[in-house]
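# Structural overview
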Amino acid sequence: MGVVRDPLRGRERPAPEHTDEQIVAAMTPIPPQRWAVLTGAGISTDSGIPDYRGPGSPARTPMTVQTFLSHPAQRARYWARGWIGWKRMTAVHPNAGHRALARIAPLGIITQNVDGLHQAAGSEPVIDLHGRLDRVVCLDCGLTLGRDRVQEELDALNPDFLAELAVSTETLETAPDGDVELEHTAGFRVFDCPRCGGLLKPDVVYFGESVPRPRVDAAFALVEEASGLAVLGTSLAVHSGLRFVRAAVKAGMPVVVVTDGPTRADELPVLRSISRVADFLAVWESALEGAG
Ligand SMILES: [Zn+2]
């Protein structure tokens, strides 16, 4: 048996023995409508959105909510980078994996992604555990705005910003949160709440923030209602997703984990495939078609 280097824990563990076909064979006695699905960045990489922690991804430290709130210059920097990044995010579309999952139509999807691509592919219900990049919320009065509206305001406030940048935006790296790597953001003017003048923040859960309780409860309810849990494209490096895997294991339900790198669920009793999510979903969908 081979070994796989585990960068999360810095030691080696046995390679899992399951292929996608073996896992799907174990899953098919339970109909797709009885599975809850938890997804992470690995399902969106084929849409051109990079993974923070996937194989080969550069080390990158996302901004914490504390930094965002306490430093006006950091806030301007966030919005400048997000303003450029959003122009690209609007051009991102669901990929074969999102579309296959929409056709498989599981009981429900819990996603750690903020890109809205499951909904764009037609899946429902979808619980956006970490929020949505296409919404902006006022931290003072709670007003919610569409990101497009905020984008228009930022366009109007910063007519010359792009022209004065010394770099071509084409060369900037996009991050999973729609951000781009951009160093010189001084002078970028941010847009404040049009109702109360308060601080606007993308409606996403930052590092250092908790997932809102009602959303956690809804996700637990979905897992409890299901007969199995399929975890696709996430290393489960953040606790917000791992707890659902623990709950499903504790409840004795089958748990399938598919991603092409190590995960924090690898020592739990799960069916594990080191595979690409889109490949696995093609195998699952094909088995369902064969059965139907
Ligand atoms: Zn407000």
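Here the residue numbers are simple positions, counted from 1 along each chain's written sequence. Restriction of local features to residues with pLDDT of at least 70 applies here, the model being predicted, together with a cutoff of 80 or more for giving and counting side-chain atom pairs; totals for whole chains, interfaces and linings are based on all residues. Values shown for side chains rest on all heavy atoms present in the structure; no hydrogens or waters enter the calculation.

### A closer look at the packing of aromatic side chains
Note on aromatic contacts: the rings of Phe and Tyr and the six-membered ring of Trp form a pair at centre separations within 6.5 Å, being stacked when their planes are under 30 degrees apart, edge-to-face when over 60 apart, and tilted otherwise. Throughout the structure, instances matching the rule amount to 10 aromatic pairs. Their ring planes at 50° and their centres at 5.3 Å tell us that Trp83 and Phe188 sit as a pair that is tilted. Of the two residues, Trp83 sits in helix H3 (residues 72-89) while Phe188 sits in the loop between helix H7 (161-164) and strand E8 (200-204), which places them 105 residues apart along the sequence. Note on Trp83: relative accessible area 3%, which makes it buried. With centroids separated by 6.1 Å and ring planes inclined at 40°, the aromatic side chains of Phe280 and Trp284 adopt a geometry described as tilted. Pair noted here: Phe280 and Trp284 are both in helix H10 (residues 277-291), with a separation of 4 residues, about one helical turn. The same class applies to Phe280 and to Trp284, which are both buried. Runs of H or I in DSSP of at least four residues are treated as helices and runs of E of at least two as strands, each being numbered from the N terminus. Remark: exposure states derive from per-residue accessible area (1.4 Å probe, protein chains only) relative to the maximum for the residue type, with buried under 20%, exposed over 50%, and partly exposed in between.

### Concerning the side chain of Asn113
Summarising the element assignment, Asn113 is placed in the loop between strand E4 (108-111) and helix H5 (117-121). There is a polar contact of 3.0 Å between the side chain of Asn113 and the backbone oxygen of Gly40. Looking at Asn113, its side chain comes within polar contact range of the main-chain nitrogen of Ala41, at 3.0 Å. Residue contacts are counted whenever heavy atoms from the two residues lie within 4.5 Å of one another. Those residues in contact with Asn113 that lie beyond four places of it in its chain are Thr39, Gly40, Ala41, Ile43, Ser44, Asp128 and Gly131. Whenever two N or O atoms come within 3.5 Å, that pair is a polar contact, provided that in protein one can donate a hydrogen and the other can accept it, and provided that, for residues adjacent in sequence, both atoms are side-chain atoms.

### Focus: helix H6 (residues 147-157)
Arg147, Val150, Gln151 and Leu154 are the residues of H6 that are buried. For H6, the arc enclosing every buried residue in end-on projection is 105°, short of the 170-degree limit, so these residues lie on one face. Residues Glu152 and Ala156 are exposed on H6 and point more than 90 degrees away from its buried face. Our arc is simply the arc of the directions from the helix axis toward the C-beta atoms.

### Some points on the environment of Asp20
Within the fold, Asp20 resides in helix H1 (residues 20-27). Each C-alpha atom, one on Asp20 and one on Trp284, is 8.1 Å from the other, the two residues being 264 residues apart in sequence. Dropping the residues within four chain positions of it, Asp20 is found in contact with Val258, Ser273, Ser275, Asp279, Phe280 and Val283.

### A closer look at the coordination of the zinc ion
In this listing, donors mean N, O and S atoms no farther than 2.8 Å from the metal, or 3.2 Å for Na, K and Ca; water is missing from the atoms, so a site can look incomplete. Listed as protein donors to the zinc ion are Cys138 (SG), Cys141 (SG), Cys193 (SG) and Cys196 (SG); their distances from the metal cover 2.3 Å. Taken together, the 4 donor atoms coordinating the zinc ion and their angles of 103 to 116° define a geometry best described as tetrahedral. Square planar and octahedral sites, with four and six donors, are those where opposite donors lie more than 155 degrees apart and all other angles lie between 65 and 115, tetrahedral sites have four donors with every angle between 85 and 135 degrees, and the rest are irregular.

### Considerations on the sheet that holds strand E3 (residues 35-39)
Two pairing modes exist for strands in a sheet, parallel and antiparallel, and in both the strands are linked by backbone hydrogen bonds. Spatially, E5-E4-E3-E9-E10-E11 is the arrangement adopted by the 6 strands of the open sheet, whose pairing is parallel. This sheet does not close on itself; its edge strands, each paired only once, are strand E5 (126-128) and strand E11 (271-273). Pairs of neighbouring strands in the sheet enclose a mean axial angle of 15°, with direction left out of account. Axis definition: a line fit to C-alpha positions, over the contact stretch in the case of helices; interaxial angles, taken between N-to-C directions, run 0 to 180 degrees. Across the face of the sheet, H1 comes into contact with E3, strand E9 (228-232), strand E10 (255-258) and E11 while running at roughly 150° to E11. What makes two strands pair is DSSP finding at least two bridges between them.

### Considering the UniProt feature "active site" (unreviewed entry) in the protein chain
Mapped onto this numbering, the UniProt entry annotates "active site" (unreviewed entry) at His130. Take His130: it is sitting in the loop between E5 and strand E6 (131-138). If near-sequence neighbours (up to four positions away) are discounted, His130 is found in contact with Thr111, Gln112, Val114, Asp203, Val204, Val205, Val211, Arg215, Val238 and Ser240. A polar atom in the side chain of His130 sits 3.2 Å from the backbone oxygen of Gln112. UniProt positions are given in the numbering used here, feature names are shortened, and annotations may be inferred rather than shown by experiment.

### Notes on the packing of H1 against H10
When two helices pack together, their arrangement is given by the angle between the helix axes and by the axis-to-axis distance. At a closest axis distance of 9 Å, the pairing of H1 and H10 adopts a crossing angle of 45°. Between H1 and H10, the crossing angle belongs to the class labelled oblique. With respect to the hand of their crossing, H1 and H10 are arranged in right-handed fashion. Counting all contacts with H1, which are made through Asp20, Glu21, Ile23, Val24 and Met27, the residues of H10 involved are Asp279, Phe280, Val283, Trp284 and Ala287. Grouping the amino acids of the contact of H1 with H10 by side-chain chemistry returns 7 nonpolar, no polar and 3 charged. The labels follow the angle: roughly parallel below 35 degrees, roughly antiparallel above 145, roughly perpendicular from 65 to 115, and oblique for the rest. In this scheme the handedness of a crossing depends on how the near helix is turned from the far one: anticlockwise by less than a right angle means left-handed, clockwise means right-handed. Polar here means any residue outside two lists: the nonpolar Ala, Val, Leu, Ile, Met, Phe, Trp, Tyr, Cys and Pro, and the charged Asp, Glu, Lys and Arg; Gly therefore counts as polar.

### What to know about the sheet that holds strand E7 (residues 144-146)
The 3 strands are arranged E7-E6-E8 in an open sheet whose pairing can be described as antiparallel. Here the strands that pair on one side only, and so sit at the sheet edges, are E7 and E8. Shown here is a sheet whose adjacent strand axes are inclined to one another by a mean of 40°, direction ignored. Across 4 bridges, E6 lies against E8 in antiparallel orientation. Across the sheet, residue Gly131 finds its bridge partner in E8, namely Val204. Along the sheet, H6 contacts E6, E7 and E8; its crossing angle with E7, the most-contacted strand, is approximately 75°.

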